[in-house]
Amino acid sequence: MPDVMIVVPTYDEIEGLERTVGRLRQSVPHAELLIVDDGSPDGTGELADRLARADAGTLVIHRAERGYRSAVIEGMRFAMARGATRVVVTDADGSYDADSLPALLEASASGVDLVIGSRFVEGSDVRNMPPRRTVSARLGNAYARAMLGTQVHDLTSSLRVYRTRILEQIDLDAIRVDAYAFQIAMAVRIAQAGGTIAEVPIGFVERAVGASKMKVAQELDTLAAVTRWGLRGVRAVPRAPR
Ligand SMILES: Nc1nc2c(ncn2[C@@H]2O[C@H](COP(=O)(O)OP(=O)(O)OP(=O)(O)O)[C@@H](O)[C@H]2O)c(=O)[nH]1
Ligand SMILES: [Mg+2]
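Computed from a predicted model, the values in this text were never measured in an experiment.

Enquirer: Explain the nonpolar core here, please?
Expert: Side chains of a nonpolar character, in soluble globular proteins, are inclined to be buried together. Counting 45 residues, the largest nonpolar core has Met-76, Val-89, Leu-148, Tyr-162, Ile-184, Met-186 and Trp-229 as the members making the most contacts within it. Top element by residues in this core is helix H7 (residues 179-192). It accounts for 9 residues. Apart from the residues within four sequence positions on either side, Trp-229 is in contact with Leu-148, Val-177, Ala-181, Ile-184, Ala-185 and Val-234. Listed in part, the 31 residues of the second largest apolar core include Ile-6, Val-21, Ala-48 and Ala-107.

Enquirer: Sorry if this is basic, but what is going on with the site of ligand 1 here?
Expert: What surrounds ligand 1 is a group of 20 residues, the closest being Glu-13, Asp-38, Arg-133, Arg-207 and Ser-212. Side-chain polar atom of Arg-66 to an oxygen atom of ligand 1: 2.7 Å apart, as the coordinates give it. Between ligand 1 and Glu-206, the relevant distance is 3.0 Å, taken from an oxygen atom to a side-chain nitrogen or oxygen of the residue. In isolation ligand 1 offers 640 Å² of accessible surface; the protein chains occlude 95% of this area. Among the secondary structure elements, those contributing two or more residues to the shell around ligand 1 are strand E1 (4-10) and helix H3 (68-81).

Enquirer: Even after reading the chapter, I still don't get the packing of H3 against H7, so can you show me in this structure?
Expert: Each pair of packed helices can be described by the angle between their axes along with the distance between the axes. Contact geometry for H3 and H7: axes closest at 9 Å, N-to-C directions at 45°. Judged by the angle between their axes, H3 and H7 are oblique. Along the contact surface, H3 presents Tyr-68, Arg-69, Val-72, Ile-73 and Met-76, while H7 presents Ala-179, Phe-182, Gln-183 and Met-186. The residue makeup of the contact of H3 with H7, split by class, is 7 nonpolar, 1 polar and 1 charged.

The rules behind these values
- Residues numbered from 1 in each chain as written.
- Chains lettered and ligands numbered in written order.
- Predicted model: local features only at pLDDT ≥ 70, side-chain atom pairs only at ≥ 80, totals over all residues.
- Heavy atoms only, no water.
- Core = buried A, V, L, I, M, F, W, Y, C linked by side-chain atoms within 4.5 Å.
- Buried < 20%, exposed > 50% of the residue type's maximum accessible area, 1.4 Å probe, protein only.
- Helix = DSSP H or I, 4+ residues; strand = E, 2+ residues; numbered from the N terminus.
- Contact = heavy atoms within 4.5 Å.
- Near = heavy atom within 4 Å.
- Polar contact = N/O pair within 3.5 Å; in protein donor to acceptor, adjacent residues only side chain to side chain.
- Areas by Shrake-Rupley, 256 points an atom, 1.4 Å probe, with all protein chains shown as cover.
- Axes fitted to C-alpha atoms, helices over the stretch in contact; angles between N-to-C directions.
- Parallel < 35°, antiparallel > 145°, perpendicular 65-115°, else oblique.
- Nonpolar A, V, L, I, M, F, W, Y, C, P; charged D, E, K, R; others polar.

Take a look at the structure:
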């Protein structure tokens, strides 16, 4: 059984999926890769089946329901049931550089429960991010850091490596928020479960193909969730790494 499972949630990613999967498989050949597609109307699911037929290390789940959070959680559960010790989650659009993954896995192998591929730490290489997005991501992260009392600079990155031993201690069904707020909620839950969190610099290029599924509404939802949690005294202070 592979030690590492890469979970790639997809919705209408026909333009970028094959390249992204190819790069991930090349970068971390010992890992299995699971595509979780929610019945994409553009045929992403059929493309995923074709990729899986051609490569024993690529697997697919087709779901009738729709949603980033539930797709990621279903992928995490699949990985845990398969005996993986680490679950990578990343996007299908190729924004997160697959070549960054080995460094994240190294940090994870040293025992860190959540390794975040960070766009906002020394050494990261972010390209083509429109100023509006950079400003909202940086301001949003600064606000979340202040409200939740954490040091993490990129709470909303969707390239992450989770150790399954910490996922097993979290009630994943209790997380009701989605998109960026889901990323923050996972960091909060891991800190509350006594887990460790580290950030590793990555390469990031703003989506070049396909349409965005994340909208301004989700940024506002995230702001509202962080405000709610902060006022309620929720804190995301991870255990210090040994
Ligand atoms: N299975 C599934 N995947 C989804 C859903 N919504 C988004 N995704 C996937 O989640 C990943 C992140 O979505 P993106 O649209 O890239 O979000 P983003 O990176 O914030 O925004 P962009 O600037 O457009 O790249 C992509 O791989 C999407 O295909 C969904 O409802 N179901
Ligand atoms: Mg993206």
